[in-house]
Amino acid sequence: MDGFLDSISFSIGVTLPNILMLFLGIYLRHVGMINDQFCQQGSKLVFNITLPALLFLSIIENPTDYGAQLQIIVAGYAGCLLIFVLGEIFAAKFIQDKRERGTFVQGVFRGNSGIIGLSLCANAYGSSGIAAASVYTALITLLYNVLAVITLSRSLSDNGKPSFSSILKQLIKNPLILSIMVALVISKLGFTIPKSLISTGDYLSRMTLPLALLCTGASLNFRGMDPSSKIAFQSSIGRVVVAPIVLVLVARLCGVTGLGLGVIFLMTATPAAAASYPMVRSMGGNAKTAANIVGITTIGSIISSAIGIVILKQLNWM
């Protein structure tokens, strides 16, 4: 019982600041300090500037042996691709509004590994957890963005079948993918970046989560349940329940144990990525559904991650 309560306390300590930021966004929208135009411009700033800066610096400032983490990365990629395929199948069969399917699928497979996941791993394993998690985050975030562009492009395309060139164009233009690729190249070649530029990037990166959550909170709408609310709850169940179970099972099949399995679980037992909201909005999808998914999973992940930690510890899997 004490272990379960400790796990609950641990999860709340990591995720509570995010929940409070969401509630602050709701409050500021309610009193008129934030409006829809602020959310739109803020989301563009996060997607195009601050989040790319955060991902870039996380790779540059945490040089790691990528080869040593190959087993974890393979398991993470295999599990994520499996969840993506299952999500696409479910969406095609059960979600009637085609334009909502991509938002649903992204909410299921795309976790907040870059912020919440790293925090969980740091609290669970210290510096050794950060080292493994930073590699996983860099490469899984690249896959997240590729799959997000694919599913949203298919969902939001007028004819339902976007050409390969249109998807490739979206990938090439995606600032998150560009920042990751440039950072990997610079890190591999050993280039030195001036401290002034690093400091500037650090200022920008620190804006990411607060601004993204404020905009997301201001866009939350739990009143007036409509079809998007049902889709948000379905996607949220996939995110906080189905995805962690699938990833842990895939990791076990790949022979991952101990710290590696713990990292994979903690990275997956996270809310939907805050970046999923500005991406849906920037591509013309239903941003309210994406915002609701982020809000629901932010709260739901507190419970699911705590229960998962207790179960995995009792099984001696992490």
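Above this text is the structure in question.
How each quantity is defined
In this convention, every chain numbers its residues from 1, walking through the sequence in written order. Only residues with pLDDT of at least 70 get local features here, since the model is predicted, and only at 80 or more are side-chain atom pairs given and counted; chain-wide, interface and lining totals rely on the full set of residues. Just so you know, side-chain values use all the structure's heavy atoms and leave hydrogens and water out. Working definition: helices are DSSP H or I runs of at least four residues, strands are E runs of at least two. Numbering for both runs from the N terminus. For the exposure calls, accessible area comes from a 1.4 Å probe over protein chains only, and a residue counts as buried if that area is under 20% of its type's maximum, exposed if over 50%, partly exposed in between. Axes, fitted as lines to C-alpha atoms, cover a helix only where it is in contact. Angles between the N-to-C directions of the axes lie from 0 to 180 degrees. Here is the rule for angles: anything less than 35 degrees is roughly parallel, anything more than 145 is roughly antiparallel, 65 through 115 is roughly perpendicular, and the remaining ranges are oblique. Should the near helix be turned anticlockwise from the far one by less than a right angle, the crossing is termed left-handed; should it be turned clockwise, right-handed. Residue contacts are defined here by distance: any two heavy atoms, one from each residue, within 4.5 Å place the two residues in contact. The aromatic pairing rule takes the rings of Phe, Tyr and Trp, using the six-membered ring of Trp, and pairs them if the centres are within 6.5 Å, calling planes under 30 degrees apart stacked, those over 60 edge-to-face and the rest tilted. Geometrically, a charge over a ring is one whose NZ (Lys) or CZ (Arg) sits within 6 Å of the ring centre while staying within 35 degrees of the ring normal.

1. Side note on unusual backbone geometry
Excluding glycine, a negative phi dihedral is what most residues carry, and trans is how most peptide bonds are arranged. Phi angles above zero are rare outside glycine, and asparagine 316 is one such case at about 60°. Looking at the element boundaries, asparagine 316 is found in the segment after α14 (287–314). Exposure remark for asparagine 316: the relative accessible area of 67% places this residue in the exposed category.

2. Here we look at the packing of helix α3 (residues 70–94) against helix α4 (residues 98–109)
The N-to-C vectors of α3 and α4 enclose an angle of 150°; their axes lie 9 Å apart at closest approach. In terms of orientation, α3 lies roughly antiparallel with respect to α4. The way α3 lies across α4 gives a crossing that is right-handed. Between α3, through Cys80, Ile83, Phe84, Gly87, Glu88, Phe90, Ala91 and Ala92, and α4, the contact on the second element is made entirely by Arg101, Phe104, Val105, Val108 and Phe109.

3. With respect to the packing of aromatic side chains
Here the structure, examined in full by the defined rule, presents four aromatic pairs. Each ring, one from phenylalanine 109 and one from tyrosine 144, has its centre 6.1 Å from the other, and the planes form 50°; the classification is tilted. Remark: tyrosine 144 occurs in helix α6 (residues 127–156) and phenylalanine 109 occurs in helix α4; sequence separation between them is 35 residues. A residue is classified by how much of its surface remains accessible, and phenylalanine 109, at 2% relative accessible area, is buried. Within the aromatic cluster, the residues linked to one another by ring pairs are Phe84, Phe109 and Tyr144. Directly above the ring of tryptophan 317 sits arginine 252, whose terminal nitrogen or CZ lies 4.2 Å from the centroid.

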